[in-house]
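Structure at a glance
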Amino acid sequence: MMRGALALAAASAAFALPVAASAADITGVWATGSEGGRVEIYRCGSALCGKVVDAQRLRANPDLRDVRNSDPRLRQRKLKGLVVLNGFTGGPREWKGGPVYDPETGDGASRGQLKLLPNGKLELKGCVAVFCRTKIWTRIS
């Protein structure tokens, strides 16, 4: 009887592991919380990256360019598909990498941190020197 209970417990634990691992998988589409922004986080090699997939301004003009960029040479890049997160590694709850770019302001940061919060939201922190800015994203899919 004891052997059967142990086997059942081991089988239950084995099935629970993939569920816990998938809960920390941050790939998918996230709402950025402003301007109707949507960013898709995806695997890029052994790291995670993120690109713009939607925003209110893009719905009005799908050919919109990165006009808010502080670098005039980059202002002709299309916003749709623009990589805004690059090279994030770590997990299962925190990832570090960079650069990070905010097309809403045109500001970038050479390093950033992603943290999956207990409520399922994603905290994004971008830092330039000692100054950091944090945003909270909500999973869409």
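Residues numbered from 1 in each chain as written. Predicted model: local features only at pLDDT ≥ 70, side-chain atom pairs only at ≥ 80, totals over all residues. Heavy atoms only, no water.

1. A few points about the overall build of the protein
Where we set the bar: Numbering of helices and strands starts at the N terminus; helices are DSSP runs of H or I of at least 4 residues and strands are runs of E of at least 2. Three labels apply to residues, based on accessible area from a 1.4 Å probe with only protein chains included: buried if under 20% of the type maximum, exposed if over 50%, partly exposed otherwise in between. Here a residue-residue contact requires only that any non-hydrogen atoms of the pair lie within 4.5 Å. Only the protein chains shown count as covering a residue, and every accessible area follows the Shrake-Rupley method with a 1.4 Å probe.
A count of helical and extended segments in the protein gives two helices and ten strands. Looking at the 141 residues of the protein, the share that counts as buried comes to 31%. Long-range pairs, those at least 24 residues apart, make up 38% of the contacts in the protein with a sequence separation of at least 6. Accessible area of the protein: about 8,500 Å², with a carbon and sulfur share of 60%.

2. Overview of the nonpolar core
Under the convention used in this document: Residues enter a nonpolar core if they are buried and are Ala, Val, Leu, Ile, Met, Phe, Trp, Tyr or Cys, with the set joined through side-chain atoms within 4.5 Å.
Counting 23 residues, the largest nonpolar core has Ile26, Ile41, Leu85, Leu114, Leu122 and Trp137 as its most contacted members. Elements supplying a minimum of two residues to this core: strand 2 (38–44), strand 3 (47–54), strand 4 (83–90), strand 6 (100–102), strand 8 (111–116) and strand 9 (122–128). For this core, the element with the highest residue contribution is strand 4, accounting for three residues. For Trp137, the contacting residues outside a window of four places in its chain are Trp30, Ala31, Thr32, Val39, Ile41, Leu85, Lys121, Leu122 and Leu124.

3. Things to note about the packing of aromatic side chains
Short version of the rule: Ring pairs shown here join Phe, Tyr and Trp side chains whose ring centres sit within 6.5 Å, with only the six-membered ring taken for Trp; geometry is labelled stacked below 30 degrees between planes, edge-to-face above 60, and tilted in between. We count a charge as sitting over a ring when the NZ of a lysine or the CZ of an arginine lies within 6 Å of the ring centre and within 35 degrees of the ring normal.
Applying the stated rule across the entire model yields zero aromatic pairs. Over the ring of Tyr42 we find Lys51, and its NZ or CZ is 5.4 Å from the ring centre.

4. Things to note about the pattern of salt bridges
As a reminder, the rule being used: Any carboxyl oxygen of Asp or Glu within 4 Å of a side-chain nitrogen of Lys or Arg constitutes a salt bridge here.
Counted under the stated rule, the structure contains eleven salt bridges. Taking the shortest distance from any N to any O, the salt bridge between Arg57 and Glu35 comes out at 3.0 Å. Linking Arg57 in helix 2 (residues 56–60) with Glu35 in the loop between strand 1 (28–31) and strand 2, this pair joins segments that are 22 residues apart in sequence. Since its relative accessible area comes to 29%, Glu35 is described here as partly exposed.

5. What about the environment of Lys121?
When you line up the elements, Lys121 lands in the loop between strand 8 and strand 9. Assessed through its relative accessible area of 32%, Lys121 is described here as partly exposed. Along the chain, Lys121 and Ile26 lie 95 residues apart, while their C-alpha atoms are 9.6 Å from each other.

6. Things to note about the side chain of Asp102
Its location among the elements puts Asp102 in strand 6. Under the relative-accessibility criterion, Asp102 is labelled buried at 10%. Setting aside anything within four residues of it in sequence, one finds Asp102 in contact with Asp107, Arg133 and Lys135.

7. Remarks on the environment of Gly87
Relative to the elements of secondary structure, Gly87 occurs in strand 4. Distance from Gly87 to Ser46, taken between C-alpha atoms, is 8.4 Å for residues 41 residues apart in sequence. Not counting residues within four places of it along the chain, the set of residues in contact with Gly87 comprises Ala47, Leu48, Cys49, Lys96, Gly97 and Gly98.

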